[in-house]
Amino acid sequence: MDRSSARIVLCECPGHHDTKKVHGIRGILAGHGIDCQCIRDFCSLEVFSRFVEEIKLKKYSALFIVGCGFELAGDYLGKTLKMESPGLDVTWENLGASSDDLEIAAKIIAWYNAVPISKSEVTEKKHFDKKVPRVLVIGGGVGGCQAALDLAEGGHEVVLVEKTLSLGGNMAKLDKTFPTLDCSICILGPRLVEVANHGNIELLTPAEVKVVRGSPGNYNVRVVVWPRFVDMTKCSGCGKCADVCPIVIPSEWNLGMKPVKAIHINFEQAVPLRSAITKEFCVECRLCERVCERDAVCLDDRPVEQELEVGAIVMATGAKPFSPVSYGAYGYGYIPAVITNMEFERLVCATGPTGGRLITPEGAPARTIAFIQCVGSRNERFNRYCSGYCCTASIKEAILALEHEAYGHITVFYNDIRTAGKGFEELYQRAIEKGVRFIKGIPSRIEEDPYTKQPIIHYYDMNEGKRGKLPVDLAVLAVGLVPDESGIDWELSTGPEVDEHGFYKEREKTLHSLKSNLEGVFFLGTCHGPRDITQTVGEASGVAAEVQSFLNEKEF
Amino acid sequence: MAKRKKRKLEPPGEVKIGVYVCHCGHNIASVVDVERVREYASRLPGVVFARTNMFCCAEPGQAEIQEDISREGINRVLVAACSPRLHETTFRNAVKAGGLNPHFVEMANIREHCSWVHWQERERATEKACELVAMGVAKLRNAFPLEDRRVPVTRRAVVIGGGVSGLKAAFELANMGHPVTLVEKESQLGGKAVELWQNFDNGQPLRCLVEPMITAVSLNPRTRILTSSKVLNLKGFIGNFEVEIRNEKQSIVEKAGCIIVATGYDFFPPRGNPRYPYASLKRVLTTPELESLIRDNFEQRDGAYNESGSLRYSDGSKIKTVAFAQCVGSRESGDSCNRYCSRVCCLVTIKQSTILAKHFGCNVVVFHRDIRVLQKWHEDMYQEARRAGVVFIRAQLGDVRQDGDSLFIIAKNEVENGRLEYHVDMMVLSVGMVPARDSLELKDVLKIPLSDDGFFLESHPKLHPLETSMDGIFLAGACQGPKDFRESIVTGSGAAAKAQCILSKEELLLDGLVASIDTETCIGCGLCARECPYGVIEMVKVEEEVKGKARVITAACKGCGVCAGVCPTGAADTLGFHEESIMAQIEVALEKNAGEKILAFCCNWCSYAGADFAGVSRLEYPPSLRIIRVMCSGRVNERFILKAFELGAGRVLVAGCHPPGDCHYISGNISFKKRYPKIKKKLEKKGYNPDHFTLAWISATEGPQFQKLIQELDSGLRKGK
Ligand SMILES: Cc1cc2nc3c(=O)[nH]c(=O)nc-3n(C[C@H](O)[C@H](O)[C@H](O)COP(=O)(O)OP(=O)(O)OC[C@H]3O[C@@H](n4cnc5c(N)ncnc54)[C@H](O)[C@@H]3O)c2cc1C
Ligand code: SF4
Ligand code: SF4
Ligand code: SF4
């Protein structure tokens, strides 16, 4: 059989690849009468350019390269090969410690036997589909919005699917952001408006992706747009309906801390600023229907399914705060003055449940406040990983608390203070200067004082080497971030892989940290591990570039 | 004073201003009596109505303005809210969508410059807010509609720095189809990835990470690679830069639409630093030095990782016990060290100490303060190090002494305050990152600012981490602040996306803030042509005139207004910040109690931003200050100063960026500095006290300095009375 158009390369980098293994593979192949070539420093400019010349000259049509695999070298060198020799079929195999030489040799032999013999067969096998230039972004948090904007400004059509009623994700709920203590919604709001108004962005809320089919560059996606029971195109967000609605329910957006009506707008700066009805609670009195000047209310709204063709998919589905209910020792859920840091953010926010007054559930001013770090993080029982944002977030919140209560007493109980980011250490120092007390030692439990209803924190101060009890007005749990379910049915051979914690798994930790194992499926932000806003926004732009360079690659 | 020219651009028709006073949640409303400001504003001339709003910048706020434009027929909008540096574009876009010229909107900064700095003086803050609104209204009454300029885009990017972030940026841009020029000062590409040995995130040799990148970028037909080269000069503006690059052989001018800065960082040098006297002792290494030592040891074993054997020092002796010291050069106060945390050194130590313990059987102890590892897989690496036998101790290093061939270490255990003594064979200093040596030079060439820590300053720490204050210049990698390889690569891609937003367009729209010259009043003195930092004013011959007339090349004008600052007749003027509008603001600002006031002209980029920063940091200063924003201190014409004193101003201040290099417009600040003594003399001649006129340099991060300056001026003012 003549398979002269096929070529096998084994890379034998000294100091990186195990030479014994490489030679073992060569021996096995030789036993099967298959030729291969061992090359040193294959990826270096000098060797690789010579190799490219040779390929062009000899007109190879299929290559099997054993070395660092696709993850390290393949993505970069593969692009060069495709550019220099269009139509070339390249397979990359990792020689890494895990796979043994017999296994790799077997793969090569199978591949070799499947290589088509004649040239005509080769061209038939290849398909030159065009990639759809449209991109689907799933999740409308700060990361998803930034990616959508950068893609749209780069000239691509974008469909942005957000599960909840409005854009902004977790950042929209924050009062201020570290390290500059900028008002969160003030900086985010305009960006969200920009997304909603951009000519290249189609926004679907509240909506979810149900099914993904197809192939890289040509994904077929089914999206369901959930009913709001208010016509988006007619509603002006005037809020008259909420005035007349007789049903009061807890605002989910405000973490159940603020009452709203059954028909309501999530918050004053919501984008899109449209009412919606929480149908479970609606008694269909139709008062809203009568009062609405624009005939926007439609109580028999139904879910609508849409089919979309997209070239690439960006997952920006974020993460959710860890629920400390299972953390029994801190009494969250039955001691009212034990709250989470997200609840604290709502509490100090001017648009929050108390109008920005920092008070205990009893209504008294909260003067002594304790923050407890690493709740649900860095803990074998819950999550082993560090959530990264919570140290700096608590320091920020401690400073905010002092701005509300100038003579407050703030204590932070911690493991390590991890303020590693631009301007973060400076913020930590500022908190120390302002008198925030930092105690090394994570408290063992919190009990409620039966008379004053104050939480009493039991702790062990590792620096002083002694136990202590601290009664406080508010105990704030700095909870970590945990992965969220996307609910997508990947009707492909496999969906995007997740790691042991449930976050999306990077194709390669350093070089391809925004790519999934599926070609054409990318991710960014907290859905592949906890991170702060700056990193999320940087990654969003990064994804925008990688998606565009993927779509620009003609052949695949 | 020179005779005023006749202006061709008359503000159109009847002025109808709508005023919106923002609560900004509690940010403004908790200090300023918003209702009173609204009341006051509604009575100002030209104002049709005034309203308050919880958040003007939110969608309903913007929608309300748009509705008022069509329903109430307002044709100018004043938003009294936060800093225009934050939201001017937001409102410009909003009124544009509502059908108005975007320059018919003005912001009165009653948050950063008022409620946030006068929070203990509610009454005076409210008074000041009213006056700031009145000044804005006065400016609006004199506003012109400005037209956007269209400029073509050169389809090429220049990437400065060939480390992983620069390589990644160049790689993605080339794949998106754009020509790229990559400039590297060293003779080879790869940066620190070539110097160091192994990556902590995936345990792979760094060479294997970077080599394929270098090859792919070098072989891409769209890239042009210039090694041993430096960027010497930059001309032009977004979409149309001209970058002068030089190496030993040649000097090239590359035309480019945008620039990506990826110049990385340097290791903190502990030797010779008074804080680390022991750094020069024998057998004290830095982490990058240990990296080479480990590499050498491995290479001697021919790459076999798992065979055990002891670690040999460069002199061949065996190393059994090793101590690491964390935060070397980082998290310290004082001049010799940095305050910031370098973010990656904890991980470097974890990686190296694990290798020493696992593969070389060393006993390792790490003295640290906090172990800072933040990625989802990093905590596991930390635990693995502990399992491998590395001992982590929260301790402060006391003394380190040479003791024969070994080192004697005394440390104070922070946990339970014990004294620790160790004898080790080798000590490793986990050194932090410092801004690259060339940053300073490059900053002057590119005119982009540094933050307090010496790294390049991003235009917003949260939402614009990759952009700089110069449109069309982006940042990638550790030149913006400490980052590991993964983060540098991600930001490399990110910067490429930002570049794509420009390069994918045929032409860009630039704002209409440019200089214009009134030929009637131009006397052909040529001062403006000489002072223009960009050299975009030419003198053209005109028939029957000896001296010719000045003419602005509008597409290249940056709108700094230095020409208008020096023009003796007022022929040169800047649209958007023209003379009448500034004079009107001066008059209003000094209408009441002029003698008790400080009137300041602050440049948009540094000192206005510095005042904003004072606001963000809630640094209080006396409410006697009234700020007029100009694009550059060079815009300030002596007529403004004279006018202010004529109206009885207590103090007059001009504040700009630090000379020589900080000026956003190359040399506008220097232009004003030259005029400063002459203006003083003139004031003296006219009988005003020249000491009441001050020139100061305030950078965007000097909030505290700004506070101090205003406090001093105010106390001088009080004492003088
Ligand atoms: C209490 C607290 C304080 C914080 N403080 C700060 C701070 O001061 N500074 C800082 O930098 N960071 C802070 N953070 C971290 C910051 O919130 C995150 O970094 C940031 O919000 C991440 O953005 P994201 O876009 O990745 O995710 P998210 O904000 O979580 O957004 C994800 C979005 O995707 C949507 N979504 C999810 N699943 C689907 C689906 N299947 N289909 C469609 N849509 C979906 C969600 O509804 C949401 O809108 C804080 C976090 C917390 C919890
Ligand atoms: S549904 Fe009707 S009444 Fe309710 S906010 Fe929308 S427009 Fe107003
Ligand atoms: S960032 Fe701080 S509080 Fe959060 S998990 Fe990490 S160490 Fe704990
Ligand atoms: S990363 Fe670790 S060693 Fe480096 S400065 Fe930060 S805390 Fe110190």
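Residues numbered from 1 in each chain as written. Chains lettered and ligands numbered in written order. Predicted model: local features only at pLDDT ≥ 70, side-chain atom pairs only at ≥ 80, totals over all residues. Heavy atoms only, no water.

Observations regarding the overall build of chain A
A tally of helices and strands in chain A yields 13 helices and 29 strands. Projected onto its principal axes, the C-alpha coordinates of chain A cover approximately 90 × 70 × 35 Å. Buried positions account for 61% of the 556 residues belonging to chain A. A separation threshold of at least 6 residues defines the contact pool for chain A, and within that pool the share at least 24 residues apart is 69%. (Helix = DSSP H or I, 4+ residues; strand = E, 2+ residues; numbered from the N terminus. Buried < 20%, exposed > 50% of the residue type's maximum accessible area, 1.4 Å probe, protein only. Contact = heavy atoms within 4.5 Å.)

Examining the interface of chain A and chain B
Chain A puts 105 residues into the contact, and the matching count from chain B is 92 residues. In total, about 8,100 Å² of surface goes out of reach between chain A and chain B, with carbon and sulfur atoms giving 55% of it. When the buried surface of chain A facing chain B is broken down by residue, Tyr76(A), Lys422(A) and Thr510(A) rank first, second and third, together holding 9% of it. In this structure, the salt-bridge partner of Arg486(B) is Glu539(A), at a minimum N-O distance of 3.4 Å. (Buried area = accessible area lost by both parts, 1.4 Å probe. Salt bridge = Lys/Arg side-chain N within 4 Å of Asp/Glu carboxyl O.)

Focus: helix α1 (residues 34-42) of chain B
All names here are of chain B. What α1 keeps buried is the set Val34, Val37 and Ala41. The buried residues of α1 occupy an angular sector of 60° when the element is viewed end-on, so they sit on one face. Contacts made by the buried residues of α1 are with β1 (17-22), β2 (47-53) and α5 (122-141). (Arc of directions from axis to C-beta.)

Observations regarding the site of ligand 3
All names here are of chain A. Surveying the vicinity of ligand 3 reveals the residues Gln373, Cys374, Ser377, Arg378, Cys386, Ser387, Gly388, Cys390, Cys391, Asp416 and Arg418. At the level of secondary structure, the elements contributing two or more residues to the shell around ligand 3 comprise β20 (368-375) and α11 (390-404). Its residues assigned to classes, the shell around ligand 3 comprises four nonpolar, four polar and three charged. (Near = heavy atom within 4 Å. Nonpolar A, V, L, I, M, F, W, Y, C, P; charged D, E, K, R; others polar.)

With respect to the site of ligand 1
In the vicinity of ligand 1 there are 36 residues, among which Glu162(A), Asn170(A), Lys396(A), Arg531(A) and Lys462(B) approach most closely. The site occupied by ligand 1 is bordered by residues of chains A and B. Asn170(A) places a main-chain nitrogen or oxygen 2.8 Å from an oxygen atom of ligand 1. Interatomic distance of 3.2 Å between a backbone N/O atom of Ser486(A) and a nitrogen atom of ligand 1. Look at ligand 1: alone it shows 1,000 Å² of surface, and the protein chains cover 97% of it. Counting only elements with at least two residues in the shell around ligand 1, the list comes to α6 (142-153), β7 (176-177), α10 (341-348), α11 and α13 (533-552) of chain A. Per element, the largest residue contribution to the shell around ligand 1 is three residues, and it comes from α10(A). (Polar contact = N/O pair within 3.5 Å; in protein donor to acceptor, adjacent residues only side chain to side chain. Areas by Shrake-Rupley, 256 points an atom, 1.4 Å probe, with all protein chains shown as cover.)

Regarding helix α3 (residues 84-97) of chain B
Compared with an ideal rise of 1.5 Å per residue, which puts 14 residues at 20 Å, α3(B) spans 18 Å between its outermost C-alpha atoms and is within 8% of the ideal. Taken as a whole, α3(B) has its buried residues at Pro84(B), His87(B), Glu88(B), Thr90(B), Phe91(B), Arg92(B), Ala94(B) and Val95(B). Looking at the buried positions of α3(B), the neighbouring elements they touch are α7 (184-197) of chain A together with α2 (59-71), β3 (76-81), β4 (105-109), α17 (607-616) and β31 (625-630) of chain B. (Expected span 1.5 Å × (residues − 1).)

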